[in-house]
Structure formats: C-alpha cells, structure tokens
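A look at the structure
Here are the chains, one letter per residue:
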Amino acid sequence: MTDVLRTIQNHGLVPVIKLETADAAEPLAETLRDAGLPLAEVTFRTGAAEQSIRRIAAKVPDVLVGAGTILTIDQVKQAVDAGAAFIVTPGFNPRVVEYCVKNRIPITPGINNPTGVESALEFGLTTLKFFPAEASGGVAMLKALSGPYGEVRYIPTGGVNAKNLGQYLSLKNVAAVGGSWMVPADRIAQGEFEQVAQLTRDAVRLVGDIRNTG
Ligand code: 3PG
C-alpha cells in the first residue's frame, strides 16, 4: 500500500467534490482541513476540476488532493500535472490503470463485482473503489467478496452517507468510505462553507467513534 492510500485509510473518509468554479477550491480545502479532514477528491465532472486541483495543491498543500471521475489517460496527465496525488475512476479502464501503475501514480479504480476485483489484482492493486456501493449490493456484496479476495480492501462510494457509513466501516475489508454528503455541491456553490464544516466535523466524529468502539 502506498503512503497516499495509507493516509486515506487513516482518515477513513473521502469527500467526493464537484466544483462549478475553481474560486471555491481554496476555501473548500481550508474548510475540510479545519474540520479535521485534510483530504479532497475533486471530480472531473466539471470544467473547473483541473484548475481547482492546481489551486488546492499550490495554496493548501497540507490537504492531500486527488482527482476523481477520471475516464482517460489524458485526464490522468492533466490531473497529475495540476498536482493530484491520487486518481480515482468510477469503473475499471485497463488503459488508465496500466498508465497509472507504470508511472507509479496511486490509483483506486472502481469495481463492483468479482471480475473487476480480479482485473485489478492482475495489476497488483489491492485497494479499490467499490462503486456504486449501495446500488451494487452494498454491505452484503462486500461481505461476499471477502471470501475469495481476503487481501483486498475497498472504498465503498455511491449512496454512502452519515446513516449507513457505520455498517461499511465495521467490515474488515473496508479501508475508508467515500461520498459527497459532507460536501454538497449546492452548499459549496452558495459559499455556505460553515455548513460543509459542520457536516464534515460530524462525519469525522462518526468515523472516530466507530473505529474506537469497533
Ligand atoms: C462518486 O463519484 O464517487 C459518487 O458519485 C459519489 O456518490 P454519492 O454522491 O452518492 O456520495
């Protein structure tokens, strides 16, 4: 496991961020850091992603910033050039994965079934995004996958929230959970960072409580 993946596992939480404008990147990153979560997955779902990553990497360097919703090698190059420390993909694209592995770029590809897990294992990857988590069988699917693939750790994302994250984090094969619930795009667009801070603090506290009691 790389240092980046270890850091993600230590936090147990990956905020999945969609920014309409790069102007929000710096205040958002500071908000996350101050709320106890110095980690950001900025998704390439908007044209502001590359510039947002660049600003976070340059201006808020104590936040570990990565790029999400990466679909092509070109996007990997853009993201890494902007300062992304890790790559997240929604599905398993062998070309994107091969490029990242060859260039030693940490990547958590998305999978949601045994075929996906084995495709990742072929590349030596054992920390994977489980996406879309709830729609793909959620906790029951992860329990089923733990039988044949004991060494694999997952980051369930997609439909995970403050209500169900405990069920996921109590599984031995879950490294962290991801989601957008603590970084709602509409709140960010309105500049309501105090609400983001509150949601993030609550999420961080929940993870801490679950890990301390689990
Ligand atoms: C992702 O890209 O990882 C997901 O869209 C996040 O899913 P969520 O919005 O259900 O948390």
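In the block above lies the structure referred to throughout.
Since we're looking at a predicted model, the values are computed, not measured. (Residues numbered from 1 in each chain as written. Predicted model: local features only at pLDDT ≥ 70, side-chain atom pairs only at ≥ 80, totals over all residues. Heavy atoms only, no water.)

**A look at the overall build of the protein chain**
- What the protein chain contains, in helices and strands, is ten helices and nine strands.
- Over its C-alpha trace the protein chain gives a radius of gyration of 16 Å, about what one expects of a compact globule, namely 17 Å for 214 residues.
- Buried residues in the protein chain amount to 49% of all 214 residues.
- Only carbon and sulfur atoms are counted for the fraction: they give 48% of the accessible area of the protein chain, which is about 9600 Å².
- Within the protein chain, the 21 negative side-chain charges are centred at a point lying 4 Å from the centre of the 20 positive side-chain charges. (Helix = DSSP H or I, 4+ residues; strand = E, 2+ residues; numbered from the N terminus. Rg over C-alpha atoms; globule rule 2.2 N^0.38 Å. Buried < 20%, exposed > 50% of the residue type's maximum accessible area, 1.4 Å probe, protein only. Areas by Shrake-Rupley, 256 points an atom, 1.4 Å probe, with all protein chains shown as cover. Lys, Arg positive; Asp, Glu negative; His and termini not counted. Charge placed at Lys NZ, Arg CZ, Asp CG, Glu CD.)

**A word on the packing of helix H3 (residues 49-59) against helix H4 (residues 73-82)**
- Close contact between H3 and H4 brings their axes to 8 Å; oriented N to C, the two are set at 25 degrees. Comparing their axes, H4 and H3 come out roughly parallel. In terms of crossing hand, the pair formed by H3 and H4 is right-handed. Note on element contacts: H4 touches H3 through Gln78, Ala79, Asp81 and Ala82, opposite Glu50, Ile53, Arg54 and Ala57.
- Here the contact of H3 with H4 is composed, by residue class, of four nonpolar, one polar and three charged. (Axes fitted to C-alpha atoms, helices over the stretch in contact; angles between N-to-C directions. Parallel < 35°, antiparallel > 145°, perpendicular 65-115°, else oblique. Left-handed = near helix turned anticlockwise from the far one by under 90°. Contact = heavy atoms within 4.5 Å. Nonpolar A, V, L, I, M, F, W, Y, C, P; charged D, E, K, R; others polar.)

**Thoughts on the site of the ligand**
- By nearness alone, every residue bordering the ligand is listed as Val16, Arg45, Lys129, Phe131, Thr157, Gly158, Gly159, Gly179 and Ser180.
- For the ligand, whose free accessible area comes to 310 Å², the fraction covered by protein is 79%.
- A breakdown of the residues in the shell around the ligand according to their chemical character gives two nonpolar, five polar and two charged. (Near = heavy atom within 4 Å.)

**Re helix H5 (residues 94-102)**
- Within the sequence span of H5, burial applies to Val96, Val97 and Cys100. Take H5 and look down its axis: the buried residues cluster within an arc of 95 degrees, on one side only. Residues Arg95 and Lys102 are exposed on H5 and point more than 90 degrees away from its buried face.
- Packing partners of the buried residues in H5 comprise H4, strand E4 (87-88) and strand E5 (107-108).
- For H5, the capping residue at the N-terminal end is asparagine 93, with a side-chain oxygen 2.9 Å from the backbone nitrogen of arginine 95.
- Residue arginine 104 follows H5 closely and has a positive phi angle near 55 degrees. (Arc of directions from axis to C-beta. Polar contact = N/O pair within 3.5 Å; in protein donor to acceptor, adjacent residues only side chain to side chain.)

**A word on the nonpolar core**
- Ile8, Leu28, Ile87, Tyr154, Val177 and Ile188 are the most contacted members of the largest nonpolar core, which totals 70 residues.
- Among the elements that make up this core, the one with the highest residue count is helix H10 (residues 193-213) (five residues).
- For valine 177, the contacting residues outside a window of four places in its chain are Gly12, Leu13, Val14, Ile155, Pro156, Val160, Leu165, Tyr168 and Leu169. (Core = buried A, V, L, I, M, F, W, Y, C linked by side-chain atoms within 4.5 Å.)

**Some thoughts on the packing of aromatic side chains**
- Scanning the model with the defined rule gives two aromatic pairs in all.
- When the centroid spacing of 6.0 Å and the interplanar angle of 45 degrees are considered together, the rings of phenylalanine 92 and phenylalanine 123 count as tilted. Separated by 31 residues along the polypeptide, phenylalanine 92 in the loop between E4 and H5 and phenylalanine 123 in the loop between helix H6 (114-122) and strand E7 (127-130) bring together distant segments of the chain.
- Owing to a relative accessible area of 27%, phenylalanine 123 belongs among the partly exposed residues under this scheme.
- Ring geometry for phenylalanine 130 against tyrosine 154: centres 6.4 Å apart, planes inclined by 70 degrees, an arrangement best described as edge-to-face. (Phe/Tyr/Trp six-rings, centres within 6.5 Å; stacked < 30°, edge-to-face > 60°.)

**What about the packing of helix H2 (residues 25-34) against H10?**
- Contact geometry for H2 and H10: axes closest at 9 Å, N-to-C directions at 30 degrees. The way H2 lies across H10 gives a crossing that is right-handed. Taken together, the residues of H10 that come into contact with H2 (itself represented by Pro27, Leu28, Thr31 and Leu32) are Phe193, Val196, Ala197 and Thr200.

Interpretation note: all reported values are geometric properties and have no functional meaning in isolation.
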